[in-house]
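Topology and contacts: notes
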Amino acid sequence: QVPLVESGGGLAQPGGSLTLSCTASGSGFTINGMGWYRQAPEKERELVARIITGESTTYADSVKGRFTISRDGAKNTVYLQMNDLVPEDTAVYYCHAAGAYTASRSFVSWGQGTQVTVSS
């Protein structure tokens, strides 16, 4: 498993912005896709956004037009720019990465989670 290091969570006011970042540390692997999931209290973990090789992106309907996912392939880092935050965005955000060391040795990794709280 490839370690993922997240940063950027915290407290924001409604209408505010936060940027999350996640870096896959180490070497000798190829990343096929990275993304962000979130889990609010008493709710299931859900996909927020993901980006795969070729820069194809997918967003949850609830964040379309407000969140932007991007990736720096050279740094194995994915970013989530979150604008126009609403209280319903409050959750623990988890970074996710999938890739491979070799053709027969793939991996899926999760970050430790970073808290995002939207409140006035």
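Above this text sits the structure in question.
Reading the values: rules and limits
Residues numbered from 1 in each chain as written. Predicted model: local features only at pLDDT ≥ 70, side-chain atom pairs only at ≥ 80, totals over all residues. Heavy atoms only, no water. Phe/Tyr/Trp six-rings, centres within 6.5 Å; stacked < 30°, edge-to-face > 60°. Helix = DSSP H or I, 4+ residues; strand = E, 2+ residues; numbered from the N terminus. Buried < 20%, exposed > 50% of the residue type's maximum accessible area, 1.4 Å probe, protein only. Lys NZ or Arg CZ within 6 Å of the ring centre and 35° of its normal. Pairing = 2+ DSSP bridges. Salt bridge = Lys/Arg side-chain N within 4 Å of Asp/Glu carboxyl O.

A few words on the packing of aromatic side chains. As enumerated under the stated definition, the model contains four aromatic pairs in all. Here Phe29 and Phe107 contribute two aromatic rings whose centre-to-centre distance is 5.7 Å and whose plane-to-plane angle is 80 degrees, an arrangement assigned as edge-to-face. Of the two residues, Phe29 sits in the loop between strand 3 (18-24) and strand 4 (30-39) while Phe107 sits in strand 10 (residues 105-110), which places them 78 residues apart along the sequence. Overall, the relative accessible area of 6% leaves Phe107 in the buried class. Centre to centre, the rings of Tyr101 and Phe107 are 5.6 Å apart; their planes meet at 55 degrees, and the pair counts as tilted. Members of the aromatic cluster, joined through ring pairs, are Phe29, Tyr101 and Phe107. In this arrangement the basic side chain of Arg45 is found over the ring face of Trp110, its NZ or CZ atom lying 4.7 Å from the centre. Here Arg105 stacks its cationic end above the ring of Tyr101, 4.1 Å away from the centre of that ring.

For strand 3, the buried fraction is high: five of the seven residues fall into the buried class. Bridging between strand 1 (residues 4-7) and strand 3 involves four bridges; their strand directions are antiparallel. Within the sheet, the bridge partner assigned to Val5 lies in strand 3 and is Thr23. Bridge count for strand 3 against strand 8 (residues 77-82) is six bridges, and the pairing is antiparallel. Bridge pairing in strand 8 places Ser21 opposite Tyr79.

As a further point, take the pattern of salt bridges. Two side chains of opposite charge can pair, provided their charged atoms sit close to one another. Tallied over the full model, the rule gives five salt bridges. Residue Arg38 is joined to Asp89 by a salt bridge in which the shortest nitrogen-to-oxygen separation is 3.0 Å. With a gap of 51 residues between them, Arg38 in strand 4 and Asp89 in the loop between strand 8 and strand 9 (91-102) connect regions that are remote in the sequence. According to the relative accessible area criterion, Arg38 is buried, its value standing at 6%.

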